[in-house]
Amino acid sequence: MFRINFIACALLLRVSVPTVCAQIPEDVWAGCEKTEKQIRKTSFPERVYNITDFGARADDRESLCHEAINRAIIACSHAGGGTVVVPEGEFHTGPVVLKSNVNLHLEEGACLRFSPERYLYENRALTRWEGIDCYNYQPLIYACGESNIAITGKGVIDGQGSNENWWYMCGSARYGWRDGLIAAKLGGREKLLRYAETFTPTDKRQMTPEDGLRPQLVNFYRCNTVLVQDVTLKNSPFWVIHPLFCENLTVSGVKIDSHGPNSDGCDPESSRNILIENCVFDTGDDCIAIKSGRNADGRRWNIPSENIIVRNCVMKDGHGGVVVGSEISGGFRNLFVENCRMDSPNLERVIRIKTNNCRGGLVENIYVRNITVGECREAVLKINLLYESGENCDRSFPPTVRNVYLSDVTSERSEYGILITGYDDRFNVEDVFVNNCRFNHVAKNGNLITGARNVQLKNLHVNGRQLD
């Protein structure tokens, strides 16, 4: 591994550098507009159902409201749809299940505070956990096979994840785990990974509370035409918003504040036609992480994520701002990221692609423009084909990453500008284009690139020095 003087070290670092540099094709953003027009929008009748009319009581810690909320949702859906209103006040609740044609609307000043009592979520739900199919804890808000559904309003959804509740189950003392407590690292996670590697039927993958696999805050499974708008989501037990096998999803004006382990903000998985805009992410893991299944399960379904737009968002803390992977075995194509601001000493990367030769799959067509970065800890662009190199799995599926474009990205502080870690014996990263970017206060004074072919730089300045 070497610090790069880009042209002089091209052969030494196994990177191919052409003399002609490409910009983002002009028709790309027209394609983005076309993608956005294809995203179907939700629409609801004017019927209104207030959860207090079904027995929900505000500011009563002794009375959980989920049965009343679910009755209101069922009544609304059976009547043909409408809006289920959570009025101002704090409502303590257990799991909520959304149904077709229902908008769950939290008025300003409303808070759904989910009980951390684990027994409430033991009615197992079909989902994926870290990219592997299973039946696990019921997510706090769950929808399966529904269409035209929404979560909206200026209210707060609090999963009450903390070191005392849920988070310790990751098995880290940092999050409150100690000897005698349940943790995924004590065998539950390995059991699930083994199920996938041995092709165990999904209906046999019944995870138990003792396995310690924490539930998502919001999980949409095989849903179509979904809206999450304006709400604040906080303190998730695990991933915050997890659309799985979904189509036509809009996440708009949402604030996510969750600093627990694996608190990914929004993880579209094997999903397509998605718009994420005007959101604020402040997370304990990746802000946005695009996925398509892990290893054998991802290849079995072979359903890529595709056509995802991210724009006008703010990323604060997180392992990565916009990330592809690592559970990306079904592949991914067509990401459009523009006009975002990212800034935190605890934001590790801006654009990140992470995968390995357990995953396989093709990741292609990543388009990024007009990103302003105050600081990030490691790299503005990181592509890593050696992620989780110690994973016990079939390693005969090397992935491919190609057609990655960055344009008009400025960063004021990072360790590296571009950091690409490929293979020693092949070029599985190719066609990376960086145009009109400026990376200042780069601690390593440049880029570090291995195992990549056709990396093109045009008007790239690192610490004031032009590298093309």
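Basis of the calculations
Residues numbered from 1 in each chain as written. Predicted model: local features only at pLDDT ≥ 70, side-chain atom pairs only at ≥ 80, totals over all residues. Heavy atoms only, no water. Helix = DSSP H or I, 4+ residues; strand = E, 2+ residues; numbered from the N terminus. Rg over C-alpha atoms; globule rule 2.2 N^0.38 Å. Contact = heavy atoms within 4.5 Å. Areas by Shrake-Rupley, 256 points an atom, 1.4 Å probe, with all protein chains shown as cover. Lys, Arg positive; Asp, Glu negative; His and termini not counted. Charge placed at Lys NZ, Arg CZ, Asp CG, Glu CD. Pairing = 2+ DSSP bridges. Disulfide = S-S within 2.5 Å. Buried < 20%, exposed > 50% of the residue type's maximum accessible area, 1.4 Å probe, protein only. Phe/Tyr/Trp six-rings, centres within 6.5 Å; stacked < 30°, edge-to-face > 60°. Expected span 1.5 Å × (residues − 1).

1. Some remarks on the overall build of the protein
Step number 1: Secondary structure assignment for the protein yields 4 helices and 33 strands.
Step number 2: Against the 2.2 N^0.38 benchmark of 23 Å for 468 residues, the protein shows a C-alpha radius of gyration of 22 Å, consistent with a compact globule.
Step number 3: Oriented by its inertia axes, the alpha-carbon framework of the protein measures out at about 70 × 45 × 35 Å.
Step number 4: Considering only contacts within the protein whose residues lie at least 6 apart along the sequence, 75% involve residues at least 24 apart.
Step number 5: When the accessible surface of the protein is totalled, it reaches about 17400 Å², and 44% of it is carbon and sulfur.
Step number 6: Averaged over its 53 positive side-chain charges, the protein has a centre that lies 4 Å from the centre of its 58 negative ones.

2. Regarding the pairing of strand β9 (residues 141–144)
Step number 1: Bridge count between strand β4 (residues 96–97) and β9: 2 bridges; the pairing is parallel. Note on β9: the bridge partner recorded for Val 97 is Tyr 142.
Step number 2: Of the strand pairs in this sheet, β9 and strand β12 (residues 218–221) are connected by 4 bridges, and their pairing is parallel. Paired with Ala 143 across the bridge in β12 is Phe 220.

3. Some details on the sheet that holds β12
Step number 1: As summarised here, the arrangement of the 4 strands in space is β4-β9-β12-β15, forming an open sheet in which the pairing is parallel. Edge positions in the sheet fall to β4 and β15 (241–244), since each of these pairs with one other strand and no more.
Step number 2: Strand direction decides the pairing type here: β12 and β15, joined by 4 bridges, are parallel. Bridge assignment links Asn 219 to a residue of β15, and that residue is His 242.

4. So, unusual backbone geometry
Step number 1: In this chain, Gly 325 is followed by Ser 326 through a cis amide linkage whose omega measures 0°.
Step number 2: Here Ser 326 is to be found in the loop between β23 (322–325) and β24 (332–342).
Step number 3: The phi angle at Asn 148 is positive, at roughly 55°, despite the residue not being glycine.
Step number 4: With respect to the helices and strands, the residue Asn 148 is situated in strand β10 (residues 147–153).
Step number 5: Located in the positive-phi region is His 441, a residue other than glycine, with phi close to 50°.
Step number 6: Residue placement: His 441 occurs in the loop between β30 (429–439) and β31 (448–450).

5. Re the state of the cysteines
Step number 1: For the structure on display, the rule yields 1 disulfide.
Step number 2: Put simply, Cys 358 and Cys 393 are joined by a disulfide, and their sulfur atoms are 1.7 Å apart. Of this pair, Cys 358 sits in the loop between β25 (349–354) and β26 (362–373) while Cys 393 sits in the loop between β27 (379–384) and β28 (400–411); the two residues are 35 residues apart in sequence, bridging distant segments of the chain.
Step number 3: What makes Cys 393 buried here is its relative accessible area of 16%.
Step number 4: Counting only cysteine sulfurs, Cys 246 is the nearest neighbor of Cys 223, a cysteine outside any disulfide, at a range of 4.9 Å.
Step number 5: No disulfide involves Cys 287; its nearest neighbouring cysteine sulfur is the one of Cys 313, lying 9.5 Å away.
Step number 6: Judged by its relative accessible area of 0%, Cys 287 falls in the buried class.

6. A word on the packing of aromatic side chains
The relative placement of two aromatic rings is captured by the distance of their centres and the angle of their planes.
Step number 1: Within this structure, the stated rule accounts for 12 aromatic pairs.
Step number 2: With a centroid separation of 5.4 Å and an interplanar angle of 90°, the aromatic rings of Tyr 137 and Trp 166 are classed as edge-to-face. Pair noted here: Tyr 137 is in the loop between β8 (132–136) and β9 and Trp 166 is in the loop between β11 (156–158) and α3 (188–197), with a separation of 29 residues, a long-range link.
Step number 3: Classification of Trp 166 as buried rests on a relative accessible area of 1%.
Step number 4: Members of the aromatic cluster, connected to one another through ring pairs, are Trp 29, Phe 336, Tyr 367, Tyr 405 and Phe 433.

7. A word on α3
Step number 1: Of all the positions in α3, only Gly 188, Lys 191, Leu 192, Leu 193, Tyr 195 and Ala 196 are classed as buried.
Step number 2: Buried residues belonging to α3 abut β7 (125–129), β8 and α4 (295–301).
Step number 3: In the segment just after α3, Phe 199 is the residue with positive phi, at about 55°.

8. Overview of helix α2 (residues 66–78)
Note: α-helices contain 3.6 residues per turn, so residues at a spacing of three or four share the same orientation.
Step number 1: If you check α2, its first and last C-alpha atoms are 18 Å apart, about what 13 residues at 1.5 Å a residue would give, namely 18 Å.
Step number 2: By the burial criterion, the buried members of α2 are His 66, Ala 68, Ile 69, Asn 70, Ala 72, Ile 73, Cys 76 and Ser 77.
Step number 3: The elements touched by buried residues of α2 are β1 (48–50), β2 (82–86), β3 (89–93), β4, β5 (102–106) and β6 (110–114).
Step number 4: Gly 80 occupies a position one or two residues after α2 and carries a positive phi of about 110°.

On their own, these measurements won't tell you what the molecule is for.
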